Amino acid sequence: MKICMIGTGYVGLVTGTCFADLGNDVICIDKDTNKINNLKKGIIPIYEPGLEELVIKNYKNKKLNFSSSLNESVKKSDIIFICVGTPAKKNGNGADLTQIYNVAKQIKKLISKFKIIVTKSTVPLGTGDLIEKIISVKKRKKLFSVVSNPEFLREGEAIRDFSFPDRIIIGTDDNKSNKILKNLYAPLISKGAKYINTSRRAAELIKYSSNAFLATKISFINEISNLCENSDVNIEDISIGMGLDTRIGSRFLRPGPAYGGSCFPKDTKAIISTAEKFKTKLSIIKSVVKSNENRHLLLLKRINILLKYKLKKKKICFLGVTFKANTDDMRDSSCLKMIPFLLKKEAIINYYDPTGSKKELSKYKKVSFSKDIKSAVFKADLIIIHTEWNAFKAINFKSLVKNKNFTIFDLRNIYSSLKMRQLNIKYYSIGQ
Ligand SMILES: NC(=O)c1ccc[n+]([C@@H]2O[C@H](COP(=O)([O-])OP(=O)(O)OC[C@H]3O[C@@H](n4cnc5c(N)ncnc54)[C@H](O)[C@@H]3O)[C@@H](O)[C@H]2O)c1
């Protein structure tokens, strides 16, 4: 099939490349010409395991192409996936759909034969109706359909998630579009993926409800870990004990810092705002947002206690700064709230991240990037394990850190407290 992805970010680039790998002719387009030029040279704009090889292979095979010309690419394609950003509005009230509507207005001018317009971007329920309204021109009504196909991939595991999805949700009541999309996804369905056809609005709401539920699970276990800390119980026992109940499941039941990333923070707020438009209160999700927004304060209080409220000139090293491992995504990473607080208290921060230095942190004079783990921890008074990269799971801290009085604060519980005690290392974790 001839496919065009509008927006070549985490979602557009990964899904476009994977569709090409299934034998479709795909054009990934982006308004960022720099990104497109780099992709044509094999330079991948994001860190995603396995993606580079797949992009290069399919670009060479001419199944995957890149372009900055929306007009030409849309004209050539039968299925158009909208994969642009839907960030939170500046006032924090709901999703900013400017990029979506801009794309819809551009597409409107280009329809001369039947096209399926699919929103892969996460959009509030009712957005498909609005896109349809924008594109509708009386005599062209039968020349397009607008379908919702929310994306569930996780950064860091995106290619696997595309290839083996739990489910594929197609929101449309147009039989022709449903048939074509089922055919597009046939190679994944034959490997066991469940294909579900719902109304467009239901598909839009499935995505938000799923993200809000996962965010709730994380905040829930984070709050239970607070209780464990105050009651001499090990959260790891609770996670295992609860997770073995198949009604609950063990995933997203590990405590840590506040949830972050490009989805949960904005999507939890957006579903609350959508519900308000439909005169519905989502009190559970509201408390989740509040709990998550306050989480960094709790962790900072613990840091204060660990350093005996003397943060001035203390050398604090962050191992990992992205919102989770196996991605370079800094959006809403919890360290972006913690670091400014520590700097205010005149601590000196350095960090190491396997995906390199971050522009989000380069504006701070007292924050420096170390090129490897060894130089990052060498002079540290406090080491904060912020993300759970494999590279951080077997560090010989005793031999690497010069200051033998150092402390470790492990926000991901990747080390054994017992082993650390045996090694005589001052080690603190979450909920233990
Ligand atoms: N990142 C994830 O893990 C993930 C997972 C599932 C769903 N989503 C959703 O998918 C959507 C995209 O997320 P993302 O992380 O890929 O965003 P992103 O910011 O990485 O990529 C969006 C891209 O769209 C481009 N763009 C914007 N307007 C354009 C236009 N008019 N023409 C061409 N290109 C344009 C931008 O330049 C950018 O490269 C969001 O709605 C997000 O919530 C993201």
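Scroll up for the structure.
Chemist: Whenever I open this one, the site of the ligand confuses me. Can you help?
Modeler: In the neighbourhood of the ligand, 25 residues make up the surrounding shell, with Asp30, Lys35, Thr86, Glu155 and Lys266 lying closest. Aspartate 30 is positioned with one of its side-chain polar atoms (N or O) 2.6 Å from an oxygen atom of the ligand. Threonine 86 has a polar side-chain atom sitting 2.5 Å from an oxygen atom of the ligand. Counting residues per element, the ones that place at least two in the shell around the ligand are α1 (10-21) and α5 (98-108). Sort the elements by how many residues they give to the shell around the ligand and α5 lands first, with 3 residues. The class makeup of the residues in the shell around the ligand is 8 nonpolar, 9 polar and 8 charged.

Chemist: Looking at this structure, how should I read the pairing of strand β12 (residues 382-385)?
Modeler: Taken residue by residue, a regular strand's side chains alternate between the two faces of the sheet. Here β12 shows two buried faces, one formed by Leu382 and Ile384 and the other by Ile383 and Ile385. Bridge analysis of strand β9 (residues 315-319) against β12 gives 4 bridges, and the strand direction is parallel. Within the sheet, the bridge partner assigned to isoleucine 316 lies in β12 and is leucine 382. As paired strands, β12 and strand β13 (residues 407-410) are joined by 4 bridges and run parallel to one another. In the sheet register, leucine 382 faces β13, and the bridge partner there is threonine 407.

Chemist: What's the story with the sheet that holds β13 in this structure? I'm lost.
Modeler: What holds strands together in a sheet is hydrogen bonding between their backbones, with the strands either parallel or antiparallel. With parallel pairing, the 6 strands of this open sheet are ordered in space as β11-β10-β9-β12-β13-β14. Each edge of the open sheet is held by one strand with a lone partner, namely β11 (367-369) and β14 (426-428). Between one strand axis and the next, the sheet turns by 20 degrees as a mean value, whatever way the strands run. Across the sheet, helix α13 (residues 283-306) touches β12, β13 and β14, and the angle it forms with β13 is around 165 degrees.

Chemist: Sorry if this is basic, but what is going on with the nonpolar core here?
Modeler: Soluble globular proteins tend to bury their nonpolar side chains together. One finds Phe19, Phe81 and Leu181 to be the most contacted residues of the largest nonpolar core, which totals 37 residues. Here this core takes 6 residues from α1, the largest share from any one element. Setting aside anything within four residues of it in sequence, one finds phenylalanine 81 in contact with Ile3, Cys4, Met5, Ile6, Phe19, Val118, Lys120, Asn149, Leu181, Leu184 and Tyr185. Among the nonpolar cores identified, the runner-up in size contains 36 residues, and Val74, Ile80, Ala95 and Val123 belong to it.

The rules we used
- Residues numbered from 1 in each chain as written.
- Predicted model: local features only at pLDDT ≥ 70, side-chain atom pairs only at ≥ 80, totals over all residues.
- Heavy atoms only, no water.
- Near = heavy atom within 4 Å.
- Polar contact = N/O pair within 3.5 Å; in protein donor to acceptor, adjacent residues only side chain to side chain.
- Helix = DSSP H or I, 4+ residues; strand = E, 2+ residues; numbered from the N terminus.
- Nonpolar A, V, L, I, M, F, W, Y, C, P; charged D, E, K, R; others polar.
- Buried < 20%, exposed > 50% of the residue type's maximum accessible area, 1.4 Å probe, protein only.
- Pairing = 2+ DSSP bridges.
- Axes fitted to C-alpha atoms, helices over the stretch in contact; angles between N-to-C directions.
- Contact = heavy atoms within 4.5 Å.
- Core = buried A, V, L, I, M, F, W, Y, C linked by side-chain atoms within 4.5 Å.

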